[in-house]
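Listed below, chain by chain, are the residues.
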Amino acid sequence: MTEAGRSATGAESQDEPEARRGEAELLLRAILDHLPITVARYDREGVFTFQDGKGLELIGVKSGEFIGKNVLEIYGDHHEGMDDLRRGLAGEASQKVHEALGIVFETWFIPVRDGRGEPDGLVCVTLDASASRQREIELQNKLDMIERQQKAIRDLSTPIIEVWDKVLTLPMVGVVDSLRIAEVMDNLLDAVVSKDARFAILDLTGVDAVDTRTASYLIQMIQAIRLLGAEGIVTGIRSNVAQTMIALGLDLSGVTTVGNLRAGLKLCMQRMARAGEAASAPAK
């Protein structure tokens, strides 16, 4: 290679770092000028050496306004994030989300180290996260609304009906899983107490299938009803549901079962009559 060629190659290699540095500065300038972001650089004592970004407009501060001033003296102990800033100056990275002036700020505390690896200041990058936070709130509100709607649907599909004074029925329809039956159990036991019920009829005529945990829950529900001083009666068990219970080896000897809801209601009336209680319509 000629001397001229070597000189040209050397010049190009020297220009490459300058070109990359210029490209990085261009990208940083675009970010600082157009995004709701603030970047601050502090030396190891907490003195501002750099402060810029469009996000400064949100807090009424001009670019570079605090350069040469100590952030610890400006804000003292009365500013959100000062503990994180002190830890950052000590070399501990962290991230914090806080709200001030009606704005949600997300800040990254990024320690800077010298050639020996010792703390040598801090870079803080703060972003206006209000829009993303608002989207999170809206999404959570939608999820909460969906959950309320699903609960309403579950309540409609498993209504607790007081057919006579002290007689409750719980007609269940469709596929009954363990989650649904657990919620139904809570509602039914509350109704037994609040209505001072003597009988609670679980009508499974419309139940297509149950899982293994659900079958066990049904037995537990009958036992819980008994502990409350009432009697649980199961009506309308289909053959496949009965087979599931038998396959699980569940003890059904203490469970009163009849073929359908009408037979269950008739049984309640007979037992109340024998006990000298008159069956009557529930109070309005």
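About the cut-offs
- Residues numbered from 1 in each chain as written.
- Predicted model: local features only at pLDDT ≥ 70, side-chain atom pairs only at ≥ 80, totals over all residues.
- Heavy atoms only, no water.
- Helix = DSSP H or I, 4+ residues; strand = E, 2+ residues; numbered from the N terminus.
- Buried < 20%, exposed > 50% of the residue type's maximum accessible area, 1.4 Å probe, protein only.
- Contact = heavy atoms within 4.5 Å.
- Areas by Shrake-Rupley, 256 points an atom, 1.4 Å probe, with all protein chains shown as cover.
- Pairing = 2+ DSSP bridges.
- Axes fitted to C-alpha atoms, helices over the stretch in contact; angles between N-to-C directions.
- Salt bridge = Lys/Arg side-chain N within 4 Å of Asp/Glu carboxyl O.
- Patch = residues over 30% accessible without salt bridge, like charges linked within 9 Å, V, L, I, M, F, W, Y side chains within 5 Å.

Turning to the overall build of the chain, a few remarks are in order. Looking only at helices and strands, the chain has eight helices and ten strands in total. The 284 residues of the chain split such that 32% are buried. Long-range contacts, defined as pairs at least 24 residues apart, comprise 54% of the intrachain contacts of the chain with a sequence gap of at least 6. When the accessible surface of the chain is summed, it comes to about 17,000 Å², and 55% of that surface belongs to carbon and sulfur atoms.

Turning our eyes to something else, we now look at the sheet that holds strand β2 (residues 48-52). Spatially, five strands are ordered β2-β1-β5-β4-β3 in an open sheet, and the strand pairing comes out antiparallel. Strands with a single pairing partner mark the edges of an open sheet, and in this sheet they are β2 and β3 (94-100). Neighbour-to-neighbour, the strand axes of the sheet open up by a mean angle of 15 degrees, direction not taken into account. Pairing geometry for strand β4 (residues 103-113) and strand β5 (residues 119-128), over eight bridges, is antiparallel. For Ile 110, the partnering residue across the bridge sits in β5 and is Val 123. Packed on one face of the sheet, helix α3 (residues 82-89) meets β1 (37-42), β3, β4 and β5 and runs near 145 degrees to β5.

A few words on the pairing of β4. Pairing of β3 with β4, which is carried by seven bridges, proceeds in the antiparallel orientation. Within β4, the residue paired with Gln 95 across the bridge is Trp 108. Here β4 folds back onto β5 in antiparallel fashion, the turn holding five residues, of which Gly 117 has a positive phi close to 85 degrees.

Quick look at the pattern of salt bridges now. Counted under the stated rule, the structure contains 13 salt bridges. For the salt bridge of Arg 87 with Glu 92, the shortest nitrogen-to-oxygen distance reads 3.7 Å. For Arg 87, a relative accessible area of 34% puts it in the partly exposed group. What emerges from the salt-bridge pattern is a single network uniting Arg 44, Asp 114, Arg 116 and Asp 120.

Right, let's talk about a nonpolar patch on the surface for a bit. A surface patch of nonpolar side chains, about 280 Å² in accessible area, is lined by Leu 58, Ile 59 and Leu 101. Mapped onto the elements, Ile 59 comes out in the loop between β2 and α2 (71-75). Judged by relative accessible area, which is 38%, Ile 59 ranks as partly exposed.

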